Amino acid sequence: MTKTQRQFFPVDVWRAERRLLCVLLCAWSFAVPVLSQQVDLAAKLRLAQSFEQAGEWKKAAAMYESLLESNPDGFVVLDGLRRAYTEMKEYDKAINLVRQQLWTKPLDENLLSVLGGLYDLAGKTQTADSVWHVVLRRDRQNANLYRMVAAQLIDHREYERAIQIYLEGREATKNQLLFLEELASLYGALHQYEPAASEYIKLVRSNPQQVTYVEARLSSFTGREEARRAALVVVQKESQQTPEDVPILSLLAWLYMDGKDFDAAFEQYQRIDRLTKANGHEVFRFGQRAAQERAYAASAKAFREVIEKIASQDVLPLARLGYARALEELSAENDTIALLSGRTPAATPTSNEKTRVSESQPTFQVALALYEGLARDYPNTDIAMQAFFRIGMVRF
């Protein structure tokens, strides 16, 4: 600052500014190395994680060990080093690492469960069980502790031992609805299909809204015939005990459909329709599903029941259309079979036969008569348009 400038600023202000500038410069000189060190640690951590993702566990372990010297309490570093030791099967090193962490966190259930898992991997099964039961005894009513221990066993593919932990949790908590999905999945993985189905049944009984979800879960193993039969035995037994339980009947009907036993499935849909007073909607829904599965005889039977016995006006036109469509497909199947076997396709029926509602030995003429009736009864509607379209497809 020049002499002229000082005339306009008090001396004390000028000196304060100089001191502030010195302080800022000193702070910057200390901050730059610290910031540089932090950047260096972050870069090393990213490198260690990249080695881990690439499966280069020795390099990852070496990098984590280097980071541990600078950051001995860093959870991310400790966890990464433990994973590296575990993957290299250096279980003693991993165990010592976790035990060091427990010196500062002796009540950490997660660390104790991990320690038990390391002892288990090292072949020290009894020690592992002892450590895990230390965790469980902390709070016998805490379901999450059982899940924590079971997760270690599941990671090691020790499914039967995991099942025992879950069952022990049920007994301790006096809650037989705990761990339903966990146990069902484990039983399924062990090909113990009846116990798996029993757990899913409990889930449906505890929450009937879960029927669709349970069907999806069962489908993961009902592709095997022995699994589907085992599940069917369980669900049939349940339906006999509670014959008016609609969610159980729905599950039973689904299993029959899954096994292509359409007649048995149809019976269950009839029961469901009566119990829920659905006025034909459940039977109609079965007819649609059977048609999607190309089970046209079963589909025609269902649609005919809606037409002749139930006749709910809101679903009647669609049932008539579905029935005509099923007979059309059955006619095509019969003609194909006749041609392949060297026989002449069925003759055209008389005028009286054309309007008869029957799916026995159907011909295209019966289907055409039904389509024409729909077009006449529901003019200028989407039903009529679909009927005309099918007439065109059959004739041309």
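One can find the structure itself at the top, above this paragraph.
In this report, the structure presented in the accompanying data block is examined.

1. Here's the deal with the nonpolar core
Line of reasoning, step 1. Counting residues in hydrophobic clusters, the biggest one holds 106 residues, and the most contacted among them are Phe286 and Tyr371.
Line of reasoning, step 2. Per-element tally for this core: the top contributor is helix α14 (residues 246–258), with eight residues.
Line of reasoning, step 3. Sequence-distant contacts of phenylalanine 286, defined by excluding residues within four places in its chain, comprise Met257, Phe262, Ala265, Phe266, Tyr269, Ala298 and Ala302.

2. Structural notes on the pattern of salt bridges
Line of reasoning, step 1. Taken as a whole, this structure holds 25 salt bridges when the rule is applied.
Line of reasoning, step 2. Here arginine 161 and aspartate 129 are joined by a salt bridge, their closest N and O atoms 3.0 Å apart. Taken together, the residues arginine 161 in helix α9 (residues 159–173) and aspartate 129 in helix α7 (residues 125–138) connect sequence positions 32 residues apart.
Line of reasoning, step 3. The partner of arginine 390 in a salt bridge is glutamate 328, with the nearest N and O atoms 2.5 Å apart. Placement of arginine 390 in helix α21 (residues 382–395) and of glutamate 328 in helix α18 (residues 316–340) is noted, with a sequence separation of 62 residues between them. Each member of the pair arginine 390 and glutamate 328 is classed as buried.
Line of reasoning, step 4. Among the ionic contacts, a cluster of salt bridges with common partners joins Glu52, Asp79, Arg82 and Arg83.

3. Topic: the packing of helix α6 (residues 109–121) against α7
Two numbers describe a pair of packed helices, the interaxial angle and the distance between the axes.
Line of reasoning, step 1. Between α6 and α7, the shortest axis-to-axis distance is 7 Å and the interhelical angle comes to 165°. Comparing their axes, α7 and α6 come out roughly antiparallel. By crossing handedness, the relation of α6 to α7 is classed as left-handed. Within the contact between the two elements, α6 uses Glu109, Leu112, Ser113, Leu115, Gly116, Gly117, Tyr119 and Asp120 and α7 uses Thr125, Thr127, Ala128, Val131, Trp132, Val134, Val135 and Arg138.
Line of reasoning, step 2. Partitioned by chemical class, the residues of the contact of α6 with α7 number eight nonpolar, five polar and three charged.

What counts and how
- All chains use their own residue numbering, which begins from 1 and follows the written sequence.
- Given that this is a predicted model, residues contribute local features only at a pLDDT of at least 70 and side-chain atom pairs are listed and counted only at 80 or more, while totals for whole chains, interfaces and linings are drawn from all residues.
- Water and hydrogen atoms play no part in the side-chain values, which are based on all heavy atoms of the structure.
- Definition of nonpolar core: a set of buried residues of the types Ala, Val, Leu, Ile, Met, Phe, Trp, Tyr and Cys, connected through side-chain atoms within 4.5 Å.
- Exposure is judged per residue with a 1.4 Å probe applied to protein chains only, and the accessible area is read against the type maximum: over 50% gives exposed, under 20% gives buried, and values in between give partly exposed.
- Numbering of helices and strands runs from the N terminus, with a helix taken as a DSSP run of H or I at least four residues long and a strand as a DSSP run of E at least two residues long.
- Contacts are residue-level and defined by heavy atoms, with any inter-residue pair within 4.5 Å sufficient.
- Any carboxyl oxygen of Asp or Glu that lies within 4 Å of a side-chain nitrogen of Lys or Arg is treated as forming a salt bridge with it.
- An axis is simply a line fitted to the C-alpha atoms; with a helix, the fit covers only the stretch in contact. Between two such axes, the angle follows the N-to-C directions and lies from 0 to 180 degrees.
- Angles below 35 degrees are treated as roughly parallel, those above 145 as roughly antiparallel, those between 65 and 115 as roughly perpendicular, and all remaining angles as oblique.
- With the far helix as reference, a near helix turned anticlockwise by less than a right angle produces a left-handed crossing, and one turned clockwise produces a right-handed crossing.
- Each residue is assigned to one of three groups, with Ala, Val, Leu, Ile, Met, Phe, Trp, Tyr, Cys and Pro labelled nonpolar, Asp, Glu, Lys and Arg labelled charged, and all others, Gly among them, labelled polar.

Without other data, these values stay purely geometric and don't point to any function.
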